[in-house]
Amino acid sequence: MTDMIAKDGVEAETVAAVKSLSGKYKYGFSTDVEIEYAPLGLNENIVRLISDKNEEPEWMLEWRLQAFERWKQMKEPEWAMVDYPKINFQDIYYYARPKSMSEEKPKSLDDVDPKLLETYAKLGIPLKEQALLAGVEAPEGERKVAVDAVFDSVSVGTTFQKELKQAGVIFMSISEALKEHPELVKKYIGSVVPQSDNFYATLNSAVFSDGSFVYIPEGVKCPMELSTYFRINAENTGQFERTLIIAEKGSSVSYLEGCTAPQRDVAQLHAAVVELVILEDAEIKYSTVQNWYPGDENGKGGIYNFVTKRADCRGDRAKVMWTQVETGSAVTWKYPSCILRGDYSQGEFYSIAIANNMQQADTGTKMIHLGKNTKSRIVSKGISAGKAQNTYRGLVSMHPKASNARNYTQCDSLLIGDKCGAHTVPYIEVKNNTARVEHEATTSKVDDDQLFYCRQRGMDEEEAVALVVNGFCKEVLQALPMEFAMEAQALVAISLEGSVG
Amino acid sequence: MLSIKNLQVGLEEEDKQILKGINLEIGEGEVHAIMGPNGSGKSTTSYVLAGKDGYKVTAGSAELYGNDLLDMNPEERAAAGLFLAFQYPVEIPGVGNMTFLRTAVNAQRKARGEEELSAGQFLKIVREKAKSLKIDADMLKRPVNVGFSGGEKKRNEILQMAMLEPKMCVLDETDSGLDVDAMKLVAEGVNALRDGKRSFLVITHYQRLLDHIKPDVVHIMADGRIIKSGGPELALEVEENGYADILAEVA
């Protein structure tokens, strides 16, 4: 375990400049639409109400109620290196949807409330079926991205449904999937993240309102990138979405996820569950650019992001790759994990976590090697600025049957200023003596000499910091799909604006 | 063009005076050399001109084409045409040499209100200039100075200088750590940039670099002051007799 707090070398102005960051969150606007809330707080009736709103089958309701019963017995976990006021779970709205989405659901995107469409346009997310995400230069050949847009508790719409259907790909909101493909949902939901896996996952199991569902049939390479865009708009509302992706034998898909929220003084809860099922020779690439509102420079407001993400490589030679760029949230608690069950299955985790001002991030991954010749690779880049605390927490577990399993872990931390902290907490369990585990960790600082060198060549200070930090993150940025890589690179620069003086 | 008057500089963190009144006038197209023993304030002069943190100017002025350098931040000085070739060029992991160069070139162009170079335009110029410095494509792709040999680092500095086309080049002990061949290459690079308008301030311990980059004026610096100035023959005198004679002479 390496644990250090930076002390020397950086000017006092640094800290002052960090403070100037507040108000720069680009997505802090809110949309003025009429919202229909469920009554405040959580009880069995709320669970029934959510299930009822989604017109779910009986078994789904039973499952939710079971989860709710178990959740009531559970305690909030306290082991993470994060500190936040106790959440009053009775002071949250568990369901909020724009009124225009209630009575009669829009049949197509053309029927969706223009105010909602405008919100996504403002965020740079095209819900019209245009070819690319806004602001991105067209790469060689035409590439398409299908979007499922989730606004508070409901999915607003999903683009390119027709084209995907032709390829046999199912991409829709999970509430629709429960109506149209209940057998698939029933077969896989909770099979990767069990109902009572942990406190937040159990809460999600009881009250999840919507999310995305993806099914890639055997042998199909999904013809376009799929993406879900989560937007929290309503005040005092938790967002609990559930994503389920199934890649049948020999299929592959690349999935992107983006998130933002308005700038508000009161912290909001986001507790999602993502389950990936990967069968023989299939591959899922899951990329996240998380840019929830991080709170102001004094730590007021922001999103509490408590998320459970897990991939199950069920078949031999199944492959999963998690890539995450975490720049937002007041508090992040998130460990996208890989269960490497199939022989020769592979898990990869690439992460950039940036924490500025008062942000706290405790994030990492779990690589559970069950099968023979399984391989995993972890590359984590943590960047701390201001008074932020950034923790990498990772587990590599080699089970008795995982002969010749291999893991390589690289954890690098970068500190900007002298009031922030970086922590690395690796857990390694090896129960098979043919397994090999490598772990490398470094901690460094953005060096004044590097900045002076860049500035002598003509770059201003922010450009210089962005350049040095992007260099530090390079391996992870390269792992992102091109559409996201450029956005992420810009985001790295924006989230560190004013972090040096 | 570069006019330094009675420049007095101390350290910010401790009460120590390093430069005790430097006077220096470098005209357009001229090459001046500063020589002097360790600790005489040569490198400090270059850092103060470039605007490095940690120094406190207590008196005097430094102007480049009439612009007050001391009033600008480092990037403004760069855009105004001041370039410092570092004695110890800094490594920047993960940032390609080419990306770094292009960011720098365009940052300066932007600051001067000029149009930024496109990727294609930039590539063409950089390849041409790299070739004459024997910098290959591989070195352009590698992260800035990471794993570069001493000679490669210095050649890279000269490449940056060639790309940024400054008005005033300050070379801080560019010959340190170079063998004779590498030094020749660097000197050729510098000489190629002499166009009758661009001025140079060459800081060095040894006369040998001045065999290759011929100065118009040589200054001897000791204890924070320029104690003697003269023609190229002054450098030869130092080479033969060391600094002791000159120090004794002025004492």
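What counts as what
Residues numbered from 1 in each chain as written. Chains lettered and ligands numbered in written order. Predicted model: local features only at pLDDT ≥ 70, side-chain atom pairs only at ≥ 80, totals over all residues. Heavy atoms only, no water. Helix = DSSP H or I, 4+ residues; strand = E, 2+ residues; numbered from the N terminus. Buried < 20%, exposed > 50% of the residue type's maximum accessible area, 1.4 Å probe, protein only. Contact = heavy atoms within 4.5 Å. Areas by Shrake-Rupley, 256 points an atom, 1.4 Å probe, with all protein chains shown as cover. Salt bridge = Lys/Arg side-chain N within 4 Å of Asp/Glu carboxyl O. Core = buried A, V, L, I, M, F, W, Y, C linked by side-chain atoms within 4.5 Å. Expected span 1.5 Å × (residues − 1). Pairing = 2+ DSSP bridges. Phe/Tyr/Trp six-rings, centres within 6.5 Å; stacked < 30°, edge-to-face > 60°. Lys NZ or Arg CZ within 6 Å of the ring centre and 35° of its normal.

Novice: Explain the overall build of chain A residue by residue, including any values.
Specialist: Within chain A, the regular secondary structure consists of twelve helices and 24 strands. For chain A, the residues scored as buried account for 63% of the 501 residues in total. Look at the contacts in chain A between residues 6 or more apart in sequence, and 85% of them connect residues 24 or more apart. Here chain A has roughly 18700 Å² of accessible surface; of this, 47% comes from carbon and sulfur atoms.

Novice: Help me get a handle on the pattern of salt bridges, residues and values and all.
Specialist: Under the counting rule described, the total for this entry stands at 28 salt bridges over all chains. Across the pair Arg393(A) and Asp362(A) runs a salt bridge whose closest N-O atoms are separated by 2.7 Å. One end of the pair, Arg393(A), is in strand β21 (residues 389-398); the other, Asp362(A), is in strand β19 (residues 360-369), with 31 residues separating them in the sequence. Asp362(A) carries the same exposure label as Arg393(A), and that label is buried. We note a salt bridge from Asp449(A) to Lys52(B), for which the minimum N-O separation is 3.5 Å. With Asp449(A) in helix α9 (residues 448-456) and Lys52(B) in the loop between α1 (42-50) and β4 (55-64), this residue pair bridges two chains. A single salt-bridge network, built from bridges that share partners, covers Asp312(A), Arg314(A) and Arg341(A).

Novice: So what about the interface of chain B and chain A? Which residues, and what values?
Specialist: On the chain A side, the residues contacting the 32 residues of chain B number 19 residues. Joining chain B to chain A, the criterion identifies three salt bridges. Ionic pairing is found between Arg455(A) and Glu75(B), a salt bridge with its closest N-O pair at 2.7 Å. If you list the elements that add at least two residues to the side of chain B that touches chain A, you get α1, α2 (74-79), β6 (82-85), β7 (92-96), α3 (97-111) and α6 (150-164) of chain B.

Novice: Outline the nonpolar core, listing residues and values.
Specialist: Among the nonpolar cores identified, the biggest contains 111 residues, and Ile383(A), Val469(A), Leu2(B), Leu49(B), Phe100(B), Met161(B) and Phe200(B) are the most heavily contacted of them. Not counting residues within four places of it along the chain, the set of residues in contact with Phe100(B) comprises Tyr453(A), Cys454(A), Arg457(A), Met459(A), Leu467(A), Ile92(B), Val95(B), Val144(B) and Gln160(B).

Novice: Would you mind going over helix α3 (residues 58-73) of chain A in detail, with residue names and values included?
Specialist: Residue and element names in this part refer to chain A. Compared with an ideal rise of 1.5 Å per residue, which puts 16 residues at 22 Å, α3 spans 24 Å between its outermost C-alpha atoms and is within 8% of the ideal. Every buried residue of α3 is accounted for by Met60, Leu61, Trp63, Arg64, Leu65, Ala67, Phe68 and Trp71. In this structure, the buried side of α3 is in contact with α2 (44-53), α6 (174-180), α8 (199-207) and β9 (242-247).

Novice: Tell me what's going on with the sheet that holds strand β5 (residues 67-68) of chain B, and back it up with residues and numbers.
Specialist: All names here are of chain B. The strand order across the open sheet formed by four strands is β2-β1-β4-β5, and the pairing between neighbours is antiparallel. Here the strands that pair on one side only, and so sit at the sheet edges, are β2 (17-26) and β5. As paired strands, β4 and β5 are joined by two bridges and run antiparallel to one another. Counterpart to Glu63 in the pairing with β5 is Asp68.

Novice: So what about the environment of Leu185(B)? Which residues, and what values?
Specialist: Residue and element names in this part refer to chain B. Topologically, Leu185 is positioned in helix α7 (residues 180-192). Given a relative accessible area of 14%, Leu185 falls into the buried group. Taking the C-alpha atoms as reference, Leu185 lies 9.8 Å from Lys154; in sequence the two are 31 residues apart. Here Leu185 is in contact with Leu133, Lys134 and Arg155, once residues within four sequence places are set aside.

Novice: Could you give me a rundown of the packing of aromatic side chains, with the residues and numbers involved?
Specialist: Residue and element names in this part refer to chain A. If you walk through the whole model with that rule in mind, you get 21 aromatic pairs over all chains. Ring centres of Trp79 and Tyr335 lie 5.7 Å apart, and the angle between their planes is 45°; this geometry places the pair in the tilted category. With Trp79 in the loop between α3 and β3 (96-98) and Tyr335 in the loop between β16 (331-334) and β17 (337-340), the pair connects residues that are 256 residues apart, well separated along the chain. Judged by relative accessible area, which is 47%, Trp79 ranks as partly exposed. Residues Tyr84 and Tyr304 carry aromatic rings whose centres are separated by 5.2 Å and whose planes lie at 50° to one another, so their mutual orientation is tilted. Of the two residues, Tyr84 sits in the loop between α3 and β3 while Tyr304 sits in strand β14 (residues 303-313), which places them 220 residues apart along the sequence. The class for Tyr84 is buried, based on a relative accessible area of 17%. With relative accessibility at 11%, the residue Tyr304 sits in the buried group. Three or more aromatic residues link up through ring pairs in this structure, and these residues are Phe68, Trp71, Trp79, Tyr84, Phe89, Phe199, Tyr200, Tyr304, Phe306, Trp333 and Tyr335. The ring of Phe472 has Lys381 sitting right over it, with the charged end atom 5.1 Å from the ring centre.

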